[in-house]
Amino acid sequence: MNRDHVAINRDVWDADAKNWVAAGERLWASENPVWGNWGVADGSLDLIPSDMTDKDAIELGCGTAYVSGWMARRGAHVTAIDVSPNQLATARRLATEHGADITFIEGNAEATGLADASFDFAISEYGAAIWCPPDKWLREAWRLLRPGGKLVFLGNHPLLILCSPTNGAPCDTALHRPYIGMWGADWTEVEFDPSGVCFNLTISGWMDLFRDIGFTVVNYQEVFAPESITEMRACVPADWAKKYPVEQVWHLEKPEQVRVGST
Ligand SMILES: C[S@@+](CC[C@H](N)C(=O)[O-])C[C@H]1O[C@@H](n2cnc3c(N)ncnc32)[C@H](O)[C@@H]1O
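The structure contained in this document is the topic of the report that follows. This structure is a prediction, so every number in the text was calculated from the model and none was measured.

**Here we look at the site of the ligand**
Then step 1. Taken together, 19 residues sit near the ligand, with Asp82, Gln87, Asn108, Ala109 and Glu125 positioned nearest.
Then step 2. Here a nitrogen atom of the ligand and a backbone polar atom of valine 83 are 3.3 Å apart.
Then step 3. Taking asparagine 108, its side chain carries an N or O atom lying 2.9 Å from a nitrogen atom of the ligand.
Then step 4. Out of a free accessible area of 570 Å², the ligand has 96% covered by protein chains.
Then step 5. Looking at the shell around the ligand, its residues break down into 9 nonpolar, 7 polar and 3 charged.

Take a look at the structure:
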């Protein structure tokens, strides 16, 4: 992408932040985590450990920061970074209302400026996971993690990108773009539901990148919509998301013994 995706995405999220307040309030108030666009219950996905006592955790692209809130509730010392001041304003208000002690940073998750090896756990749910070029933010996450640290991220499944028409209309069962070379999708000027610049890779592209950086893959999960959901969400018909993997979750680890030559 030649255009400055960071500035584009910041402006998109600043303008859209008001539309995410209600969801943020609901999710901050939720006793148990639910994940992704389809609200899949914790237990089947388990993105965050049940006990995070005294762990240093970072959320990369936190939005309204309910994931950070859940980690703080489980005992973590949480840092949350986001590029959008308006999203952070909601996040700060909700953290105060819920008595959560979270360090918020306005900045780019691809270059946080934080110290090397300062976190045990990093997470992104539709944050850096889709809005940042994978090679950039994954290398930054690697740098931030201590040996033995974990990175978990959830975002769109590559199949969803393939089946999404280039004009932004709801996805269907045709292949609308090549799989080979998958890198990003620019939704800024599409006819339906314009947004920002997103990134994704083929499955082997993700695996190659993890190997190149040095991450070990601990688990890979493909997410489907729960049977109970009938309405379209984020331009995905519920029936599609019940039949095809709509989201993916990668669970990665920075090994205790980092191999020579890793980034
Ligand atoms: C959908 S929200 C993710 C948060 C939340 N988990 C959710 O699903 O609502 C996406 C967030 O990523 C942030 N974001 C996009 N690009 C970013 C970047 N380069 N660095 C940090 N945050 C970024 C946006 O500002 C937005 O708040």
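Following the structure, the description resumes.
**Focus: the nonpolar core**
Then step 1. With 51 residues, the main nonpolar core has Trp35, Trp38, Met71, Ile102, Phe104 and Ile123 as its most contacted residues.
Then step 2. Per-element accounting of this core gives the leading share, 5 residues, to helix H3 (residues 66–73).
Then step 3. Residues in contact with phenylalanine 104, not counting those within four places in the same chain, are Cys62, Ala65, Ala80, Leu88, Ala91, Arg92 and Ala95.
Then step 4. Grouped together as the second largest cluster of nonpolar side chains are 25 residues, Phe119, Ala122, Leu201 and Leu252 included.

**Overview of the pattern of salt bridges**
Once the charged atoms of two side chains with opposite charge are near each other, the side chains can pair.
Then step 1. Taken as a whole and judged by the stated rule, the model has 12 salt bridges.
Then step 2. Residue glutamate 25 is joined to arginine 93 by a salt bridge in which the shortest nitrogen-to-oxygen separation is 2.8 Å. Of this pair, glutamate 25 sits in helix H2 (residues 21–29) while arginine 93 sits in helix H4 (residues 85–97), placing them 68 residues apart in sequence.
Then step 3. Take arginine 93: its relative accessible area is 32%, and that puts it in the partly exposed class.

**Things to note about the sheet that holds strand S5 (residues 102–106)**
Strands in a sheet are paired, the pairing made by backbone hydrogen bonds, and the direction either parallel or antiparallel.
Then step 1. The strand order across the open sheet built from 7 strands is S5-S4-S3-S6-S7-S11-S10, with neighbouring strands paired in mixed fashion. Two strands bound the open sheet, and with one partner strand each, they are S5 and strand S10 (216–223). With direction set aside, neighbouring strand axes in the sheet form an average angle of 15°.
Then step 2. On top of the sheet, H4 reaches strand S4 (77–82) and S5; it is set at about 170° to S5, its chief contact.
Then step 3. Contacting strand S3 (56–60), strand S6 (119–125) and strand S7 (145–156), helix H6 (residues 134–144) runs over the sheet at an angle of about 150° to S7.

**Details of the environment of phenylalanine 121**
Then step 1. With respect to the secondary-structure elements, phenylalanine 121 resides in strand S6.
Then step 2. The residues contacting phenylalanine 121, other than those within four sequence positions of it, are Leu47, Ile48, Pro49, Met52, Asp56, Ala57, Ile58, Met71, Leu145, Lys150 and Val152.

What counts and how
- Residue indices begin from 1 for each chain and proceed along its sequence in written order.
- At least 70 in pLDDT is required for a residue's local features to be given in this predicted model, at least 80 for side-chain atom pairs to be given and counted, and no such filter applies to totals for whole chains, interfaces and linings, which use all residues.
- Neither water nor hydrogens contribute to the side-chain values; these are computed over all heavy atoms in the structure.
- To be near a molecule or strand, a residue needs just one of its heavy atoms within 4 Å of it.
- Any pair of N or O atoms that falls within 3.5 Å is considered a polar contact. Within protein, one atom must be able to donate a hydrogen and the other to accept it, and sequence-neighbouring residues count only if both atoms are side-chain atoms.
- All accessibility values rest on the Shrake-Rupley procedure with a 1.4 Å probe; residue burial counts only the protein chains present in the view.
- Note that Gly is not counted as nonpolar here; it falls among the polar residues with everything else outside the nonpolar set of Ala, Val, Leu, Ile, Met, Phe, Trp, Tyr, Cys and Pro and the charged set of Asp, Glu, Lys and Arg.
- What is meant by a nonpolar core is a set of buried Ala, Val, Leu, Ile, Met, Phe, Trp, Tyr and Cys residues, joined one to another through side-chain atoms within 4.5 Å.
- Working definition: with a 1.4 Å probe on protein chains only, accessible area under 20% of the residue-type maximum means buried, over 50% means exposed, and in between means partly exposed.
- Secondary structure counts use DSSP, requiring at least four H or I residues in a row for a helix and at least two E residues in a row for a strand, with both numbered from the N terminus.
- In what follows, a contact means two residues having at least one pair of non-hydrogen atoms within 4.5 Å.
- By definition, a salt bridge exists where a carboxyl oxygen of Asp or Glu is found within 4 Å of a side-chain nitrogen of Lys or Arg.
- Note on pairing: DSSP must find at least two bridges between two strands before they are called paired.
- To define axes, lines are fitted to C-alpha atoms, for helices over the stretch in contact only, and angles between the resulting N-to-C directions are given on a 0 to 180 degree scale.

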